[in-house]
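Listed here are the chains, written in short residue letters.
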Amino acid sequence: MAAKPVKVSQLNSYIRRVLQTDPLLRNISVTGEISNIKYHDSGHVYFTMKDDGGRVNCFLPRDVLPHIRYELTDGMEIVAYGYISVYERGGYYSLNIRDIDVEGQGSLSIAYEKLREKLAGEGLFSEEHKKPIPGFPEKIAVVTSPTGAAVRDIIKIITSRNDFTDILIYPVLVQGPGAAPEIAAALDDINKKFPETDTVILGRGGGSAEELWAFNEEIVARSIFDSAIPVISAVGHETDFTIADFAADARAETPSAAAVMAVPDTSELKTYVKSVAEGMNDILLSHIRRGEEALGYLDPSAFCRTVTGKTDIMSMMAENLKKDIDTLIASKMLAMRERIKVCRNTLENLSPQNIMKKGYCVLKDENGRPVADTCALSQDQTVTIVMAGGEADSKIIEIRRRHDE
Amino acid sequence: MSKEKKLTFEEALAKLEETSENLQKDDVTLEEALKNYELGVEYYRQCSEILENARQKIETYSR
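Anyway, here's the lowdown on the structure attached to this text. (Residues numbered from 1 in each chain as written. Chains lettered and ligands numbered in written order. Predicted model: local features only at pLDDT ≥ 70, side-chain atom pairs only at ≥ 80, totals over all residues. Heavy atoms only, no water.)

1. Let's talk about the overall build of chain A
The criterion, for reference: Starting at the N terminus, helices and strands are each numbered in turn, a helix being any DSSP run of H or I of at least four residues and a strand any DSSP run of E of at least two. Remark: exposure states derive from per-residue accessible area (1.4 Å probe, protein chains only) relative to the maximum for the residue type, with buried under 20%, exposed over 50%, and partly exposed in between. Contacts are residue-level and defined by heavy atoms, with any inter-residue pair within 4.5 Å sufficient. Only the protein chains shown count as cover for residues, and the accessible areas themselves come from Shrake-Rupley with a 1.4 Å probe.
Each helix and strand counted, chain A has ten helices and 13 strands in total. When burial is assessed residue by residue, chain A has 35% of its 405 residues classed as buried. Of the contacts made within chain A by residues no fewer than 6 positions apart, 61% connect residues no fewer than 24 positions apart. For chain A, the accessible area works out to roughly 24800 Å², and carbon and sulfur atoms hold 56% of it.

Listed below in structure tokens is the structure:
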């Protein structure tokens, strides 16, 4: 005999109470494959976990998502930790997730590829963001486990080749769920508290894929990218490539290689600096020697001979010049004298005496003034005729005027 | 001269290399050579000083 009928909502409410008070269901871990994963706009993630025999709805709240160490995608085998919750109105239950682990190389590779693609798409690995590693750092920080082989190798190598650079060991967990947040916080902290740091080495020694996983987590990649101080990533062995390697400014194959990359060999530098200085000595000496040789060519007596020769030529030239000038002046004077003589002759030819010699004469009146026209003459006037050889007083007998003038 | 401002090792080394190159030019006069040499000696002194006065510190940060 069935019990008294209940309402649907009462049934669902009852089921909810039963399931949510069950101690096993309040804290369970479930293995299965992710399918049908949806990242909702609200930030929550919905997916289904399945195996050969069944499936269960899963809900990953947005405040849990940042703590998940893996980029989730369909096909990944996971272990989901959480509790069962019932949606009364819909009448179904789901697994509410608190944490997720990924098991198996295949699923880790999927998560790795997925995150690598995502961050590459955002430009976190772009060459343009890579900062150069300082060639002569005053201080480097090493973010790693304080007890691992990596820190010993790094200190050993740095101190063997460099006695200048200060080293700050910043101890962090390098594996397990807490490692990635600690590493990210360490990078942020160094940037804040020790901004004078020239280079950060971030790394650890070799280990399994699971052990190295912290270096494949998004939070680490982002803090490397955000670091103003250049970061060298040095995780595991030569063959281990992590997301941190891609995000870092430089990748070292091993922690030891990172140490070589981070600091110069100071004894090599001393030798080099000395060789440059000695080279300068040699060059300066050769300059001086060349100068001395050049001075040798400048024999003073030869120089004197050259100078004397030059002054001789100059005075000879001056003398020649003077002779030329004298000749020129003499010939000019001669020409001038000739011209003066010609002028005098001309003047002499034009004097009254000479004209009179040709038969002309001058008539003067009683007062000795020359008479130029018949108008100035009168009958019986006494005049004086001046001509070559003397004068003659005479009397005007008759005046005949020409009327055409 | 450069005594007023303290150069980093890398700056001083770059200057040292530069003066050394200037010194090696064929057309440099003896006067220029001497001037470069003097500068070079000063940069060499700065480089050596930095290298010789190295006091490496190794410490572990504790929160």
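Picking up after the structure, the text goes on.
2. Looking at the pattern of salt bridges
Residue and element names in this part refer to chain A. In plain terms, the rule: We define a salt bridge as a side-chain nitrogen of Lys or Arg found within 4 Å of a carboxyl oxygen belonging to Asp or Glu.
Per the stated rule, a full pass over the model turns up 17 salt bridges over all chains. A salt bridge links Glu 71 to Lys 118, with the shortest nitrogen-to-oxygen separation between them at 3.3 Å. One end of the pair, Glu 71, is in the loop between strand E3 (54-60) and strand E4 (77-87); the other, Lys 118, is in helix H2 (residues 105-122), with 47 residues separating them in the sequence. Assessed through its relative accessible area of 14%, Glu 71 is described here as buried.

3. Points about unusual backbone geometry
Residues and elements named next belong to chain A. Despite not being glycine, Asn 36 shows a phi value in the positive range, around 60 degrees. Following the sequence through the fold, Asn 36 ends up in strand E1 (residues 28-39). Here Asp 380, not a glycine, exhibits a phi torsion of approximately 65 degrees, which is positive.

4. Describing the interface of chain B and chain A
Just so we agree on the cut-off: Two parts lose some accessible area (1.4 Å probe) when they are put together, and adding that loss for both gives the buried area. Contacts described as polar in this section are N or O atom pairs within 3.5 Å, which, within protein, must combine one atom able to donate a hydrogen with one able to accept it, while residues neighboring in sequence count only if both atoms come from side chains. Here the term charged refers only to Asp, Glu, Lys and Arg, the term nonpolar to Ala, Val, Leu, Ile, Met, Phe, Trp, Tyr, Cys and Pro, and the term polar to all other amino acids, Gly among them. Pairing between two strands is assigned when DSSP locates at least 2 bridges connecting them.
Contact with chain B, which involves 33 residues of that partner, is made by 34 residues of chain A. Between chain B and chain A, a total of about 3000 Å² is buried, with carbon and sulfur atoms accounting for 67% of that surface. At the junction of chain B and chain A, the tally comes to zero salt bridges. Where chain B touches chain A, the interface holds 14 residue pairs in polar contact (both at pLDDT 80 or more). Counting residues per element, the ones that place at least two in the side of chain B that touches chain A are helix H1 (9-24), helix H2 (30-52) and strand E1 (58-60) of chain B. Counting residues per element, the side of chain B that touches chain A draws most heavily on H2(B), at twelve residues. Taken together, the residues that form the side of chain B that touches chain A break down as 17 nonpolar, seven polar and nine charged. One ladder, built from three bridges, connects strand E7 (residues 166-171) of chain A with E1(B); its direction is parallel. Considered in E1(B), the bridge of Leu168(A) is made with Glu59(B).

5. Remarks on the nonpolar core
One broad trend across soluble globular proteins is that nonpolar side chains are buried collectively. The criterion, for reference: In these notes, a set of buried Ala, Val, Leu, Ile, Met, Phe, Trp, Tyr and Cys residues joined through side-chain atoms within 4.5 Å is what counts as a nonpolar core. An automatic or database domain assignment supplies the residue ranges for each domain.
Counting residues in hydrophobic clusters, the biggest one holds 58 residues, and the most contacted among them are Phe47(A), Leu60(A), Leu72(A), Ile78(A), Val143(A), Leu202(A) and Ile224(A). For this core, the element with the highest residue contribution is helix H4 (residues 179-193) of chain A, accounting for six residues. Composition of this core by domain shows at least three residues from each of domain 1 (8-121) and domain 2 (139-264) of chain A. Apart from the residues within four sequence positions on either side, Ile78(A) is in contact with Val30(A), Thr31(A), Gly32(A), Ile34(A), Phe47(A), Met49(A), Ile100(A), Asp101(A) and Val102(A). With 22 residues, the next largest nonpolar core counts Leu284(A), Tyr43(B), Cys47(B) and Ile50(B) among its residues.

6. Notes on the packing of H2(A) against helix H5 (residues 218-226) of chain A
Residues and elements named next belong to chain A. Cut-off, in case you're wondering: A fitted line through C-alpha atoms serves as each axis, taken over the contacting stretch for helices, and the angle formed by two N-to-C directions is quoted from 0 to 180°. Note on angle classes: values under 35 degrees are labelled roughly parallel, values over 145 roughly antiparallel, values of 65 to 115 roughly perpendicular, and the remainder oblique. For a crossing to be left-handed, the near helix must be turned anticlockwise from the far one by less than a right angle; the clockwise case is right-handed.
Two numbers describe how H2 lies on H5: the axes approach to 11 Å, and their chain directions differ by 25 degrees. When the interaxial angle is binned, H2 and H5 end up roughly parallel. Between H2 and H5 the crossing geometry is right-handed. The segment H2 lies against H5, with Leu 115, Lys 118, Leu 119 and Glu 122 engaging Glu 218, Ala 221 and Arg 222. A class-by-class count of the residues in the contact of H2 with H5 yields three nonpolar, no polar and four charged.

7. Focus: the packing of aromatic side chains
Residue and element names in this part refer to chain A. So the rule is basically this: What counts as a ring pair is set by centres within 6.5 Å for rings of Phe, Tyr and Trp (its six-membered ring), and what kind of pair is set by the plane angle: stacked under 30 degrees, edge-to-face over 60, tilted for all other angles. Note on criteria: charge over ring means Lys NZ or Arg CZ within 6 Å of the ring centre, with the direction from the centre no more than 35 degrees off the ring normal.
For the structure shown, the criterion picks out nine aromatic pairs over all chains. Taking the centre distance of 6.4 Å and the plane angle of 25 degrees together, the rings of Phe 241 and Phe 246 count as stacked. By way of ring pairs, the aromatic residues Phe 125, Phe 241 and Phe 246 are connected into one cluster. Sitting above the plane of the Phe 246 ring, Arg 116 keeps its charged end 5.5 Å from the centroid. Directly above the aromatic system of Phe 241 lies the positively charged group of Arg 251, at a separation of 3.7 Å from the ring centroid.

8. A look at the pairing of strand E12 (residues 382-387) of chain A
All names here are of chain A. In terms of strand pairing, strand E11 (residues 362-364) meets E12 through three bridges, oriented antiparallel. The residue of E12 that forms the bridge with Lys 364 is Thr 384. Note that E12 and strand E13 (residues 390-395) share six bridges and pair antiparallel. Bridging across to E13, Val 386 finds its partner in Glu 391. If you look at the hairpin formed by E12 and E13, you'll find two residues sitting between the two strands, and Gly 389 has a positive phi there, around 90 degrees.

9. Describing a nonpolar patch on the surface
What counts here: Patch rule: a residue counts if its relative accessible area is over 30% and it has no salt bridge; like charges are joined within 9 Å, and nonpolar side chains (Val, Leu, Ile, Met, Phe, Trp, Tyr) within 5 Å.
Judged by side-chain polarity, Val6(A), Leu11(A), Tyr14(A), Ile15(A) and Val18(A) come together as a nonpolar surface patch covering roughly 450 Å² of accessible area. Summarising the element assignment, Tyr14(A) is placed in helix H1 (residues 8-21).

10. Focus on H2(B)
Cut-off, in case you're wondering: Given a helix with a known number of residues, its expected span is that number minus one, times 1.5 Å.
In this model H2(B) runs 32 Å from its N-terminal to its C-terminal C-alpha over 23 residues, within 8% of the 33 Å that 1.5 Å per residue would give. Buried residues in H2(B) make contact with helix H8 (266-297) of chain A together with H1 of chain B.

11. Side note on the packing of helix H3 (residues 149-161) of chain A against helix H7 (residues 255-262) of chain A
When two helices pack together, their arrangement is given by the angle between their axes and by how far apart the axes lie. All names here are of chain A. Remark: H3 packs on H7, axes separated minimally by 8 Å, with the N-to-C direction vectors making an angle of 30 degrees. The orientation of H3 with respect to H7, classified from their angle, is roughly parallel. Considering only the axes of H3 and H7, their crossing is right-handed. Judged by residue contacts, Ala 150, Asp 153, Ile 154, Ile 157, Ile 158 and Arg 161 of H3 engage Pro 255, Ser 256, Ala 259 and Val 260 from H7. Class assignment of the residues belonging to the contact of H3 with H7 gives a composition of seven nonpolar, one polar and two charged.

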